[in-house]
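Residue-level structural notes
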Amino acid sequence: MSDQEYPLTRSKRHQSKKKKKPKSKKPLMIAAIILVLLGSFMYVFRKELIPIAFQLFLEDTVKDKLNDAYDPIKEVTGPAGEEDAKDKLKKPFSMLLLGVDEREGDVGRSDTMIYAVFRPEEHRMLLMSIPRDSYVEIAGRDKRDKVNAAYAYGGTKMSVETVEQLLQTNVDYYAKVNFQALVEVVDALGGVKLPITEVIENKYKYHVKLRIEPNKPIYDGEDALNYVRYREDSDFMRTERQRTFIKAATERALEMGNIMKIPQLIDIASSNMKTDMTSDFIINLAEVLYAKESVPQMSSYMLKGEGENKSYGWYYMLSDQGLTEAQQLVDNWMDANTASDELIDPEKKEQ
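Just so you know, these numbers come straight off a predicted model, no measurement behind them. (Residues numbered from 1 in each chain as written. Predicted model: local features only at pLDDT ≥ 70, side-chain atom pairs only at ≥ 80, totals over all residues. Heavy atoms only, no water.)

1. Some words on the confidence of the model for the chain
With 76% of its residues at a pLDDT of at least 70, the chain reaches an overall mean of 80. Here residues 2-13 scores under 50 on pLDDT; set against residues more than four positions off or in separate chains, the count is 1 contact. Note on residues 41-45: pLDDT is under 50 here. Beyond four places in sequence and across chains, it has 2 contacts. (pLDDT = per-residue confidence, 0-100. Contact = heavy atoms within 4.5 Å.)

2. Topic: the pairing of strand S12 (residues 313-318)
Look at any regular strand and the pattern is simple: side chains alternate between the two faces of the sheet. Where strand S11 (residues 305-310) lies against S12, 6 bridges are found, and the strand directions are antiparallel. Paired with Lys310 across the two strands is Gly313, which belongs to S12. Taking the residues between adjacent antiparallel strands as the criterion, S11 and S12 are bridged by 2 residues. (Pairing = 2+ DSSP bridges. Helix = DSSP H or I, 4+ residues; strand = E, 2+ residues; numbered from the N terminus.)

3. What about the pattern of salt bridges?
What the rule picks out here adds up to 13 salt bridges. With a closest N to O distance of 2.6 Å, Arg211 and Glu213 form a salt bridge. Connected through salt bridges with shared partners, the residues Arg132, Asp133, Lys146 and Arg231 form a single ionic network. (Salt bridge = Lys/Arg side-chain N within 4 Å of Asp/Glu carboxyl O.)

4. Some remarks on the sheet that holds strand S3 (residues 124-129)
Taken in spatial order, the 6 strands line up as S9-S6-S1-S2-S3-S10 in an open sheet, and their pairing is mixed. Both edges of this open sheet fall to strand S9 (273-275) and strand S10 (297-302), since each of them pairs with a single strand only. On average, adjacent strands in this sheet sit at an angle of 20 degrees to one another, irrespective of strand direction. Inspection of the sheet shows strand S1 (residues 93-100) paired to strand S6 (residues 173-178) by 6 bridges, in the parallel sense. The partner of Leu97 across the bridge, within S6, is Ala175. Along the sheet, helix H5 (residues 179-188) contacts S1, strand S2 (110-119) and S6; its crossing angle with S6, the most-contacted strand, is approximately 80 degrees. Across the sheet, helix H7 (residues 235-253) lies against S1, S2, S3 and S10, angled at about 165 degrees from S10, the strand it touches most. (Axes fitted to C-alpha atoms, helices over the stretch in contact; angles between N-to-C directions.)

5. Thoughts on the environment of Asn67
Topologically, Asn67 is positioned in helix H2 (residues 46-69). Its relative accessible area of 42% is what places Asn67 among the partly exposed residues. Distance in space between the C-alpha atoms of Asn67 and Lys274 is 9.8 Å, their sequence separation being 207 residues. A distance of 3.1 Å separates a polar atom in the side chain of Asn67 from a polar atom in the side chain of Ser279. (Buried < 20%, exposed > 50% of the residue type's maximum accessible area, 1.4 Å probe, protein only. Polar contact = N/O pair within 3.5 Å; in protein donor to acceptor, adjacent residues only side chain to side chain.)

6. Details of the packing of aromatic side chains
Summed over the entire model, instances satisfying the criterion amount to 5 aromatic pairs. Aromatic pair Phe93 and Tyr173: ring centres 5.8 Å apart, planes at 85 degrees, arrangement edge-to-face. With Phe93 in strand S1 and Tyr173 in strand S6, the pair connects residues that are 80 residues apart, well separated along the chain. Across this residue pair, the class does not change: Phe93 and Tyr173 are buried. Taken together through their ring pairs, the aromatic side chains of Phe93, Phe118, Tyr173 and Phe281 make up a single cluster. Sitting over the ring of Tyr153, Arg141 keeps its end group 4.1 Å from the ring centre. In this arrangement the basic side chain of Lys146 is found over the ring face of Tyr315, its NZ or CZ atom lying 5.3 Å from the centre. (Phe/Tyr/Trp six-rings, centres within 6.5 Å; stacked < 30°, edge-to-face > 60°. Lys NZ or Arg CZ within 6 Å of the ring centre and 35° of its normal.)

Structure follows, in structure tokens:
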């Protein structure tokens, strides 16, 4: 090899090395661009992609779990498939939410009773709290007692019939949840945000000891349970806390990071819940809620009355005027012909 050839070869080597560098970068650059585009596509179309992923990988599992919780209390007639479920979501429907504290060997009582009306088209919901100590006529018993005693006498069926009799309306569906599920669901969601600005603490001698510290960014399941159970201020405040919790838990569940926890949440709920909503109906309802990318606009109301200490115990005596007002409110919300701007907002009415 001559002296003239050597530098030439060396020069070619340098040129060769310089040419290889941009070639090695091209695949990386293209991959990066593809990833950015794919990521952008997934973000822009996240609302459309998540239902697809749900249908492909989760729907059958979720349906199986929900079917375990299915427990109708009325005779089921007509179709109950997916198409029927979608049709039912085109008009207002009502639901009785029962929070029960059932322990082994104990019949239990309904500690929480909320009559809810959901209007899917307007994405609005009415939450009507029925104080547990309300003195009412118990359906099928020919006697008056606290409304939560209906569950002890005749379970979910008698609770539903008693509320139907009280409000002079139908209960389309019910959902009964054991309070233990509340703790597990909240913990699975990573906690909930609650507007607690002062210490909440039981001080009465015969009440279960509890204390909740204020101003936490997130509250765990045990704190959430204590929040909805606390009752040393008033029935009004207690029922308001229950409605506040429902909204907070719904908002938390609809967050993007929690969507893929659906199977875990359903597993917890199905083990602690009974309902007469079919799996198709629940899944379609969830899709309606998620499509709006926000929780329904919720209006709250509590049956009006006053507490009275009688010789046979403490009762919440409903006023005739307040009961008539509640019945009219339900009629207004359940009427499919009521326009959105004609819906009575009980919160604005009381201002």
